[in-house]
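Commentary on secondary and tertiary structure
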Amino acid sequence: MNDCIFCKIVVGEIPGSRVYEDDEVLAFHDIHPFARVHFLIIPKAHIATLADCGAEHERLLGKMLLLAPRLASEQGLDAGFKTLINTGRGGGQEVFHIHVHVFGGGDPVKRS
Ligand code: AMP
Ligand code: ZN
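If you're wondering where the values come from, they're calculated on a predicted model, not measured in any experiment. (Residues numbered from 1 in each chain as written. Chains lettered and ligands numbered in written order. Predicted model: local features only at pLDDT ≥ 70, side-chain atom pairs only at ≥ 80, totals over all residues. Heavy atoms only, no water.)

For the structure shown, the criterion picks out two aromatic pairs. A centroid spacing of 5.2 Å and a plane angle of 80° characterise the contact between Phe-6 and Phe-28, whose relative ring orientation is edge-to-face. With Phe-6 in helix α1 (residues 5–11) and Phe-28 in strand β2 (residues 25–29), the pair connects residues that are 22 residues apart, well separated along the chain. For the pair shown, Phe-6 and Phe-28 are each scored as buried. Ring centres of Phe-34 and Phe-103 lie 4.7 Å apart, and the angle between their planes is 75°; this geometry places the pair in the edge-to-face category. Residue Phe-34 is found in the loop between β2 and β3 (37–43), and its partner Phe-103 is found in strand β5 (residues 100–104); the two are separated by 69 residues along the sequence. Judged by its relative accessible area of 4%, Phe-103 is buried. (Phe/Tyr/Trp six-rings, centres within 6.5 Å; stacked < 30°, edge-to-face > 60°. Helix = DSSP H or I, 4+ residues; strand = E, 2+ residues; numbered from the N terminus. Buried < 20%, exposed > 50% of the residue type's maximum accessible area, 1.4 Å probe, protein only.)

Set out below in structure tokens:
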């Protein structure tokens, strides 16, 4: 077992507030939301960053992206939402297990 915090959420070693789960993908609420609704979509398999993905990840990445509008709608973001994938230290990535931020609602929020 590695010490990746998102891998630990996948196996239930750390609790996560789950909004969606299947055999390949997990979505859960961000612990420090920067909008009224803010959740993360991750693959269950550990992939560190978007820059580590290759052609073999095309289907998985497409699946994660296509989940965003569906889950956003289920979370009440009918007027739209933002998506964000921080990649690498220079991209502001803090957790090195690839994740798509989906957030919106309330006052408009920007993140540098
Ligand atoms: P990033 O800067 O893109 O790597 O963002 C990592 C995100 O993970 C941040 O928005 C954190 O608030 C969030 N996060 C870190 N630990 C947890 C956790 N245990 N449960 C839910 N979200 C988390
Ligand atoms: Zn991981």
